[in-house]
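Residues per chain are reported as follows:
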Amino acid sequence: MEQVKLAEHIIVVGAGIGGLTAALGLAKQGFTVVVLEQAPELSEVGAGLQLSPNAVKVLQAFGVADAIEPHCFTPQRACIRDHRSGRHYLDIPLGREMVKRYGAQYWHIHRADLHQELVRACQQHGVDIQLNQRVMGYRNEKDHVKVLLEKQTLRTGLLIGADGVHSQIRELMLGAQAPIFTGQVAWRGTVPIANIKGASVQPNATVWAGPHQHMVTYYLRGGEFVNFIAVEEQASWRYESWREEGDTEVLRSKFHGWHPEVTAVLDGCESTFLWALNGRPVLPTWHDDRVVLLGDACHPMLPFMAQGAAMAIEDAFVLSGTLEKYDYEYAFKKYEKLRKPRATAVQKQSRDNASLYHMHGGWQGRLKLEALGVASKYANGIIQSKLDSIYGHDVTALRL
């Protein structure tokens, strides 16, 4: 590190999807990048995620899409279906239509597979990934940042906090903030297709909407697994963890009587984990002199638009691009100006979808879903404009 100019040296805290994508983008811009990860090993929780065209375009621009594609499953349609009857409230094409309209695919991928390819790409570009490194504090100096770890102090030109919803960097920057429990808990799991009996799961991204609950199902790894996210409303929750072990029998009982595709997936489930869906207030700022936040550290997303990873990936492109062009002070301001309105808008859309999926208002909630179906058939421009605002946003085409 002594041989590297501090102005060209950047530390990224957090080796998740956002942190690794940022590290890769910065390394490709010529920065010397160190990633500090507090976990003892590089691993990702066993669950799937959705990569919409706005995220895939960044992966293409960073040169990793070709390596990632073999791990992906391409869904044919996006659907909202009734939890019992299975009738379609919404049914829109994905697959080739995504490429035709937005210039990139819509993919489903296992988190571990995406993580693995990002790690490999970072290492190929000289990124130093260090494990068992917990950041205890930082201090902005005149021409660098001092980063206090448990056993040593490092110096770097810039510090990026990509350490997730529980971000230590955010707390050091803005003080401790209690999470805001949204009244919803999610169960997650992956089910081998061989375990699913008595029903054929459609090759789509499907939301199963029900009163005060919903479930999402889609394929992973070329159709070898079905990924599910089952969300229920609860008055309170004690934990804020991604790895709280769940009881599969309890899970099955909560969705008893749902459509056979749903119950067949849950009957084949061998293990599951839960986490509380928590929000955070909109932050007053994303940066503090030479320190800046990225991804869930500054704008945690509820999973009801499937945009959490995508927003972090977009952040990574904009942040690495502005830092390549400008001094850090202007770059951080421009990055926040470009990203904060979009991230805040997607956060709101995600929150609003919870009410839609859970049929809030009884018969009125069902009417909203009925109206959505009518709009998709006879006023498709309304639905398409909402999708365009998400999937059609191309950060790789922004004038940074």
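Because the structure is predicted, anything quoted here is derived from the model rather than measured.

### Observations regarding helix α1 (residues 17-28)
With 12 residues, α1 should reach 16 Å at 1.5 Å per residue; the first-to-last C-alpha distance of 17 Å fits that figure. Buried residues dominate α1, accounting for 11 of its 12 residues. Taken together, the buried positions of α1 are occupied by Ile17, Gly18, Gly19, Leu20, Thr21, Ala22, Ala23, Leu24, Gly25, Leu26 and Ala27. Buried residues along α1 sit against β1 (9-13), β2 (32-36), α5 (111-124), β7 (128-130), β11 (158-161) and α9 (308-325). Where α1 terminates, the next one or two residues include Gly30, which has phi positive at roughly 100°.

### Remarks on the sheet that holds strand β9 (residues 145-149)
Ordered by their spatial adjacency, three strands build an open sheet running β8-β9-β10, and the pairing between neighbours is antiparallel. Taken across any chain shown, the strands that pair with only one partner, and hence form the sheet edges, are β8 (135-140) and β10 (153-156). The sheet shows a mean angle of 20° between the axes of neighbouring strands, direction not considered. Direction of pairing for β8 relative to β9: antiparallel, over a ladder of five bridges. Looking at the pairing, Gly137 lines up with Leu148 of β9.

### Notes on the packing of aromatic side chains
To describe a pair of aromatic rings, you give the distance between the ring centres and the angle between the ring planes. This model, assessed by the stated rule, comprises nine aromatic pairs. Residues Phe304 and Tyr357 carry aromatic rings whose centres are separated by 6.4 Å and whose planes lie at 75° to one another, so their mutual orientation is edge-to-face. Residue Phe304 is located in the loop between β19 (291-293) and α9, and its partner Tyr357 is located in helix α10 (residues 328-357); the two are separated by 53 residues in the primary sequence. In terms of burial, Phe304 and Tyr357 fall into one category: buried. Three or more aromatic residues link up through ring pairs in this structure, and these residues are Tyr102, Tyr106 and Tyr391.

### Examining the pattern of salt bridges
Inspection of the entire model under this criterion finds 14 salt bridges. Between Glu117 and Arg120 there is a salt bridge, and its shortest N-O distance comes to 2.9 Å. In this pair, Glu117 and Arg120 both sit in helix α5, three residues apart, roughly one turn of the helix. Given a relative accessible area of 9%, Glu117 falls into the buried group. In this structure, Arg252 engages Glu249 in a salt bridge whose closest nitrogen and oxygen atoms are separated by 2.8 Å. One end of the pair is Arg252 and the other is Glu249, both in helix α7 (residues 248-254) and three residues apart, which spans about a single turn. Among the residues examined, Arg252 registers a relative accessible area of 16% and is labelled buried.

### A look at the packing of α1 against α9
At a closest axis distance of 8 Å, the pairing of α1 and α9 adopts a crossing angle of 30°. Overall, the two elements α1 and α9 adopt an arrangement that is roughly parallel. The chirality of how α1 crosses α9 is right-handed. Judged by residue contacts, Ile17, Gly18, Thr21, Ala22, Gly25 and Leu26 of α1 engage Ala312, Ile313, Ala316, Ser320 and Leu323 from α9. Tallied by class, residues from the contact of α1 with α9 come to seven nonpolar, four polar and no charged.

### As for the packing of α9 against α10
The interhelical angle for the contact between α9 and α10, taken along N-to-C directions, is 160°, at an axis separation of 9 Å. The angle between the axes of α9 and α10 places the two elements in the roughly antiparallel class. α9 and α10 meet at a crossing whose hand is right-handed. Touching Met311, Glu314, Asp315, Val318, Leu319, Thr322 and Leu323 of α9 are Tyr328, Ala331, Phe332, Lys334, Tyr335, Leu338, Arg339, Arg342, Ala343 and Val346, all from α10. Class assignment for the residues of the contact of α9 with α10 results in 11 nonpolar, one polar and five charged.

### Re the sheet that holds strand β4 (residues 77-82)
One open sheet accounts for eight strands, arranged β5-β4-β13-β14-β15-β12-β17-β16; its pairing is mixed. Because the sheet does not close on itself, it has two edges, and the strands there are β5 (88-93) and β16 (244-246). Strand-to-strand, the axes of this sheet are offset by a mean angle of 20°, without reference to chain direction. As defined by bridge partners, β16 adjoins strand β17 (residues 272-279) across three bridges and the pair is classed as antiparallel. Looking at the pairing, Glu244 lines up with Leu274 of β17.

Definitions and cut-offs
- Residues numbered from 1 in each chain as written.
- Predicted model: local features only at pLDDT ≥ 70, side-chain atom pairs only at ≥ 80, totals over all residues.
- Heavy atoms only, no water.
- Helix = DSSP H or I, 4+ residues; strand = E, 2+ residues; numbered from the N terminus.
- Expected span 1.5 Å × (residues − 1).
- Buried < 20%, exposed > 50% of the residue type's maximum accessible area, 1.4 Å probe, protein only.
- Contact = heavy atoms within 4.5 Å.
- Pairing = 2+ DSSP bridges.
- Axes fitted to C-alpha atoms, helices over the stretch in contact; angles between N-to-C directions.
- Phe/Tyr/Trp six-rings, centres within 6.5 Å; stacked < 30°, edge-to-face > 60°.
- Salt bridge = Lys/Arg side-chain N within 4 Å of Asp/Glu carboxyl O.
- Parallel < 35°, antiparallel > 145°, perpendicular 65-115°, else oblique.
- Left-handed = near helix turned anticlockwise from the far one by under 90°.
- Nonpolar A, V, L, I, M, F, W, Y, C, P; charged D, E, K, R; others polar.

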